[in-house]
2 protein chains.
Amino acid sequence: MNEPTARAATIGEAARATGVSAKMIRYYEETGLLGPAERTASGYRLYGEADLHALRFVRRARDLGFSMREIAELLGLWQDRSRASAAVKSVALGHVGDLRRRIAELEAMARTLEHLAERCCGDERPDCPILDDLAGAVPGRD
Amino acid sequence: MNEPTARAATIGEAARATGVSAKMIRYYEETGLLGPAERTASGYRLYGEADLHALRFVRRARDLGFSMREIAELLGLWQDRSRASAAVKSVALGHVGDLRRRIAELEAMARTLEHLAERCCGDERPDCPILDDLAGAVPGRD
DNA sequence: ATGGAGCTTCCCATCATGGGAAGGTCAAGG
DNA sequence: CCTTGACCTTCCCATGATGGGAAGCTCCAT
């Protein structure tokens, strides 16, 4: 609080402060997710507190698995003070639906493989129900 | 058995017969996952029964979420009659580990979001715990 | 013989991320 | 003042698995 705006950070400092790599910060700017950063006379990018805040927002959203498209939407809603919370909730719940679908898919794969692995003795012998399944053999129908 | 080898299939027929797109069949050949296909005098690829079998193997493995690297390994083991089933089981269980890790990550994201969404009234008003979380606000510590 | 379906190769795009080269800038220490 | 090393800039390329599409050749049935 003593130094009002601790003075703008370079991209490396911003990266360290927010956990977003410098590469990704430039990429977010290039793709329009974030507006163009201020520049020094010599062309270095500068980031103020508000920018760091936005970067942390993006980082948090990515940690929650939102796509860049969704994050763009959320950033827009964040900056629109008159948004309805329903709009945000809808984006969030849509994403939860995606996550649940992906989880169900992975879960089905994992269960199938665990089941096959259980029946594979896993020793020196070549017989292997896992390969038999992959090869399309339906053991017990032979 | 009546027609010994029902005559080789073109890439389109192979695609239809195995559920692997023609694009992907060419890609698997190009990257060495599968050996080069036979060719007609005019350059068309031809696929025999054994090739179709291998394609179905790859398809099934992809359905189970194996990476191409893992599939290459599994194909090698499949074709090596003297492999130990332990080697196959180890690849499979390694993959199950990957799947379980990814599931846990997605599950954590989904739970966090569901939790936030529950507390978001989702109406006309702008107040939204979801955005507050993304923005780094820690409600209740204020 | 012609038309259309199917094949070939080649290039490009996705999504989010990282690696690295070539070159300019800045601050500290001799 | 000059050097050194850390940092910045832009530009290009790669990933993994997949699809889209163009230009041109081949095959088969009419």
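Above this note sits the structure.
Quick summary incoming for the structure in this document. Remember, it's a predicted structure, so these values are computed and weren't measured experimentally.

### Some details on the pattern of salt bridges
(1) Moving on: Here the structure, examined in full by the defined rule, presents 18 salt bridges over all chains.
(2) Moving on: The salt bridge involving A:D98 is made with A:R101; its shortest N-O contact spans 2.9 Å. With A:D98 and A:R101 both in helix 5 (residues 85-118) and 3 residues apart, this pair spans about one turn of that helix.
(3) Moving on: As a salt-bridge pair, B:R45 and B:E29 come within 2.9 Å of each other at their nearest N and O atoms.

### Focus on the interface of chain A and chain B
How big an interface is tends to be expressed through the accessible area that disappears when the partners come together.
(1) Moving on: The interface of chain A with chain B comprises 50 residues on the first partner and 50 residues on the second.
(2) Moving on: For the chain A and chain B pair, buried surface summed over both sides reaches about 4300 Å², with 68% attributable to carbon and sulfur atoms.
(3) Moving on: Interface area lost by chain A to chain B is led by A:L113, A:L131 and A:L134, which between them contribute 15%.
(4) Moving on: One can count 6 salt bridges joining chain A with chain B.
(5) Moving on: The salt bridge involving B:E114 is made with A:R100; its shortest N-O contact spans 3.0 Å.
(6) Moving on: One can count 22 residue pairs in polar contact (both at pLDDT 80 or more) joining chain A with chain B.
(7) Moving on: Broken down by element, the residue count for the side of chain A that touches chain B peaks at 21 residues, all from helix 5 of chain A.
(8) Moving on: Grouping the amino acids of the side of chain A that touches chain B by side-chain chemistry returns 28 nonpolar, 6 polar and 16 charged.

### A look at the protein's contact with DNA strand D
(1) Moving on: Not every one of the 19 residues close to DNA strand D is listed here, only the nearest: A:T10, A:G12, A:R26, B:K23 and B:S42.
(2) Moving on: What you see for DNA strand D is that sugar and phosphate hold 67% of its atoms within 4 Å of the protein.
(3) Moving on: Within the side chain of B:R62, a nitrogen or oxygen atom sits 3.1 Å from a phosphate oxygen of DNA strand D.
(4) Moving on: Residue assignment for the surface near DNA strand D shows that the elements contributing at least two residues are helix 1 (11-18) and helix 2 (22-30) of chain A together with helix 2 (22-30) of chain B.
(5) Moving on: Ranked by residue count, the leading element in the surface near DNA strand D is helix 2 of chain B, at 4 residues.
(6) Moving on: Considering only residue class, the surface near DNA strand D consists of 7 nonpolar, 6 polar and 6 charged.

Rules behind the numbers
- Residues numbered from 1 in each chain as written.
- Chains lettered and ligands numbered in written order.
- Predicted model: local features only at pLDDT ≥ 70, side-chain atom pairs only at ≥ 80, totals over all residues.
- Heavy atoms only, no water.
- Salt bridge = Lys/Arg side-chain N within 4 Å of Asp/Glu carboxyl O.
- Helix = DSSP H or I, 4+ residues; strand = E, 2+ residues; numbered from the N terminus.
- Contact = heavy atoms within 4.5 Å.
- Buried area = accessible area lost by both parts, 1.4 Å probe.
- Polar contact = N/O pair within 3.5 Å; in protein donor to acceptor, adjacent residues only side chain to side chain.
- Nonpolar A, V, L, I, M, F, W, Y, C, P; charged D, E, K, R; others polar.
- Near = heavy atom within 4 Å.

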